[in-house]
Amino acid sequence: MAMLVMMIATIFPSDANAYSVPNTRGGVNAQWYYGTQAELDTAANNVVATGMKWVRIDLKWDLVQAGGATSYDWSNPDKMVNTALAHGLKVLLVASYTPSWANGGNSDSRYYPNTANINAWKNFLDLSVRRYLPLGVSTYELWNEPNYSVQSSPSLFVSNILIPGSTAIRAASVALQLPVTIINGAPANLIGVAGIVDPYDWVTGIYANGGKNYFDALAIHPYCWPAAPTTPSVWNALLRANEIHTIMANNGDGSKQVWATEFGYPTQGPNTVTEQQQSDYTISAFQVWTQSAWSAWTGPMFLYTYKDGGVSTTDPELNFGLLRNNNTFKPVMNQILTIMTNSPPAPTPPTSGWGGSTSTPTPTPTPTPTPTPPPGGTTSYEAENGTYAVGGQQQSASNASNLKVVGNLNSVGAYSQISGVNGGAGGNATLVVRYSNGNTTSRSLSLYVNGVKIQQTSYAATGSWNTFGNTGSITIPLNSGSSNTIKIQRDSADNAAADIDKYTVTTSGSTPTPTPTPTPPPGLLINAFDNVAQWAGQTTQTANTTIKTQGTQSIKNRYTVVSGWVNSYYTINSPYVNIGTAASLKIDVYPLSQTPGVLSEPIVLKLQDQVGGVIYETKLPHLIANQWNTVTISLSGIPAGNRQQIKEVNLYLYSGFTSEINGRAFLEYYFDNLRTT
């Protein structure tokens, strides 16, 4: 009896603390695929009112690419994600379910992609992350209940889903220079079911088949209905969550979190609970999940699900909702705020990819096949159809192209952003922004492309807020395909400037013609590449007086692919270069062969100071072969004081990107005109 009293005191602390809300411990599965915008806004407001911070949204591969490998329909996930973010909710995207064309023709989308279509799975995730990570969606769960399939195989899951999926997500994270959190998809809580690996053996199998280094946290679905959360049972996956964590700890992963990405109780059908029990048991579940012995390794708990899926007294699956099908609240909706107030926030989610950490370096990925680039041309994007936040808001204007603008870009951080921008074949494109500026003087805002600051852009006065003008043509770098983002934002160096009406983008076609030699813009020239003798390292440097963008020549570097890295560096002897006031760097690059797919180039630009300290280091983005590409590199993340004594410039090849090199024995690039802007 004494031991029972101690256990109850641990699970149900008598002196519960109140925590601030919204609370990162709580979330809900938001199955909002087919709701109207008004319904989604109401749903998001209801979630916010409960104090929960997270929503788990389905990113269904079988729906996004239902029409084949080159078809994409992002409309529903865009609507769900944008609604959640606009209401201040954090988003967990669960990527799962294979279209039949990618799983061997099976109509059951729970089949994993077959070997021939693993690259299609990677490409889908690459495009997804490039679409949603710049918006702030940094958490991705790989698959939903992967053991609940005729392919209930940890080995096949690791090889066909986890490793390629994690590799693609982390590569996109590095390219975007934004960290991610990868959640290993939760197995279904099925025990003793023929052909199904139970969740404890499943997690053991993940480690046994080499999955350890490919996720940052592990998900479970700790259902225990119809029993109370504190009822001991082999079926109570909630009380047994520590067994999962023990398996992780035994494999050296005790520091990783366990997330409950589904938990709930159905209120109609056989072996279910009453609505009041649903509420009481949900409170109890959060107390179990956040007990002091577990709180350091348990992450958020997502309730399943937001609303009943229909009206049925016989099907439990349709009755897990926090709301009834007629949108009225069940008792639990009035209790969740209390749950959140008395549940400690979740630990900070782990990250990987760019800026994060992984247990070991991610192995070289298999190259993604080069997609057929979409046609180029001129496309206009209405600002009000994009996203806007931090004060940015939709406003009416009778002379705007669609009678609406995004205005109120007054607070630092306020922005207007468009997504899904068609980059044609990739490379340089031109942007013209239609805007109004009712101020009496010219004002400025900052322009970002795919998360990278390109420049500070000036907006001349137009005479009134309902009188519109256009910026001049702005050269911007775009990736091929329709996964680009363009954002106009007020940074601290800007001022309240303009209302944004629309963005007009002109891109090259699928067969680009060589770009004319550009006129170098004003700025500080760091290196003109006019003297081969300045350069040293393992590469072969050759001057070329024909293929150049300025001065008398460019330099062609020939990199031999070896294990490790191959250097090409230039030491600034006298004087050093001060780029403390520069916003960005530009360099002109002419590749002589094409890097496959939309992957970054295997060439890294590194800047070092007087004592050899690395000031900045980044890969070059994907470039178009056999023409000049202007690469813009933002310096906004480097303190100005660290940029005052640039002493060495290094352009080196790193063999860790062997898949991007695609078996080539050597690579050749022309470089010219490294300058500041």
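Residues numbered from 1 in each chain as written. Predicted model: local features only at pLDDT ≥ 70, side-chain atom pairs only at ≥ 80, totals over all residues. Heavy atoms only, no water.

(A) Main features of the pattern of salt bridges. Following the criterion strictly, the structure yields 15 salt bridges and no others. The partner of aspartate 126 in a salt bridge is arginine 130, with the nearest N and O atoms 3.0 Å apart. In this pair, aspartate 126 and arginine 130 both sit in helix H5 (residues 118-132), four residues apart, roughly one turn of the helix. Measuring nitrogen to oxygen at the nearest pair gives 3.0 Å for the salt bridge that ties lysine 330 to aspartate 308. Within this pair, whereas lysine 330 is found in the loop between strand S8 (298-303) and helix H10 (336-341), its partner aspartate 308 is found in the loop between S8 and H10, the two being separated by 22 residues in sequence. For lysine 330, a relative accessible area of 1% puts it in the buried group. Judged by relative accessible area, which is 7%, aspartate 308 ranks as buried. Among the charged side chains, a network of salt bridges with common partners joins Arg56, Glu141 and Glu262. (Salt bridge = Lys/Arg side-chain N within 4 Å of Asp/Glu carboxyl O. Helix = DSSP H or I, 4+ residues; strand = E, 2+ residues; numbered from the N terminus. Buried < 20%, exposed > 50% of the residue type's maximum accessible area, 1.4 Å probe, protein only.)

(B) Broad picture of the side chain of aspartate 58. With respect to the helices and strands, the residue aspartate 58 is situated in strand S2 (residues 52-60). Although aspartate 58 is buried, it forms no salt bridge, and the closest oppositely charged side chain is lysine 60 at an N-O distance of 4.2 Å. For aspartate 58, the residues in contact, after removing those within four places along its chain, are Gln31, Tyr33, Met80 and Val94. (Lys, Arg positive; Asp, Glu negative; His and termini not counted. Contact = heavy atoms within 4.5 Å.)

(C) Local environment of the packing of H5 against helix H6 (residues 154-176). Between H5 and H6, whose axes approach to 8 Å, the crossing angle comes to 35 degrees. For the crossing formed where H5 meets H6, the hand is right-handed. Of the residues in H6, those touching H5 at Ile118, Trp121, Lys122, Leu125, Asp126, Val129 and Arg130 are Ser159, Asn160, Ile161, Pro164, Gly165, Ala168, Ile169, Ala172, Ala175 and Leu176. (Axes fitted to C-alpha atoms, helices over the stretch in contact; angles between N-to-C directions. Left-handed = near helix turned anticlockwise from the far one by under 90°.)

(D) Fine view of H6. Across its 23 residues, H6 extends 31 Å between first and last C-alpha, which sits within 8% of the 33 Å expected from 1.5 Å per residue. At leucine 162, H6 shows its maximal bend, which comes to roughly 30 degrees, and the proline proline 164 appears one to four places after that position. (Expected span 1.5 Å × (residues − 1). Bend = angle between axes of the 7 residues up to and from the residue.)

(E) Broad picture of the side chain of arginine 490. Along the chain, arginine 490 turns up in the loop between strand S20 (484-489) and strand S21 (499-507). Despite its burial, arginine 490 pairs with no opposite charge; the closest candidate is aspartate 494, at 6.2 Å N-O. In this structure the side chain of arginine 490 is engaged in a polar contact, spanning 3.4 Å, whose partner is the backbone oxygen of aspartate 494. (Polar contact = N/O pair within 3.5 Å; in protein donor to acceptor, adjacent residues only side chain to side chain.)

(F) A look at the nonpolar core. Trp32 and Val55 are the most contacted members of the largest nonpolar core, which totals 87 residues. Among the elements that line this core, the one with the most residues is H6, at eight residues. Among all residues touching valine 55, those that are not within four sequence positions of it are Val28, Ala30, Trp32, Val47, Ala84, Leu89, Lys90, Val91, Leu92 and Phe302. Counting 33 residues, the second-largest nonpolar core is a separate cluster that includes Tyr559, Ile603, Ile615 and Ile633. (Core = buried A, V, L, I, M, F, W, Y, C linked by side-chain atoms within 4.5 Å.)

(G) A look at the sheet that holds strand S14 (residues 415-421). Judged by pairing direction, the sheet is antiparallel, and its five strands sit side by side in the order S11-S14-S20-S16-S17 without closing on themselves. Across the chains shown, the open sheet's two edge strands, defined by having one partner strand only, are strand S11 (387-389) and strand S17 (452-459). Here the strands of the sheet are splayed against their neighbours by 20 degrees on average, with no regard to which way each runs. Bridge analysis of S11 against S14 gives three bridges, and the strand direction is antiparallel. Residue pairing in the sheet places threonine 387 in a bridge with glutamine 417 of S14. (Pairing = 2+ DSSP bridges.)

(H) Summary view of empty space enclosed by the protein. On inspection of all chains with the given rule, the structure shows four cavities of 30 Å³ or more. Looking at the largest cavity, its volume works out to about 70 Å³. Where the lining of the largest cavity is concerned, the elements lending two or more residues are helix H7 (199-208) and helix H8 (241-250). Among the residues making up the lining of the largest cavity, the classes are represented as eight nonpolar, two polar and no charged. (1 Å grid on protein atoms, 1.4 Å probe; cavity = no way out; pocket = protein on both sides within 12 Å on 5 of 7 lines; lining within 4 Å. Points joined across faces, edges and corners; volume = space filled by probe spheres on them. Nonpolar A, V, L, I, M, F, W, Y, C, P; charged D, E, K, R; others polar.)

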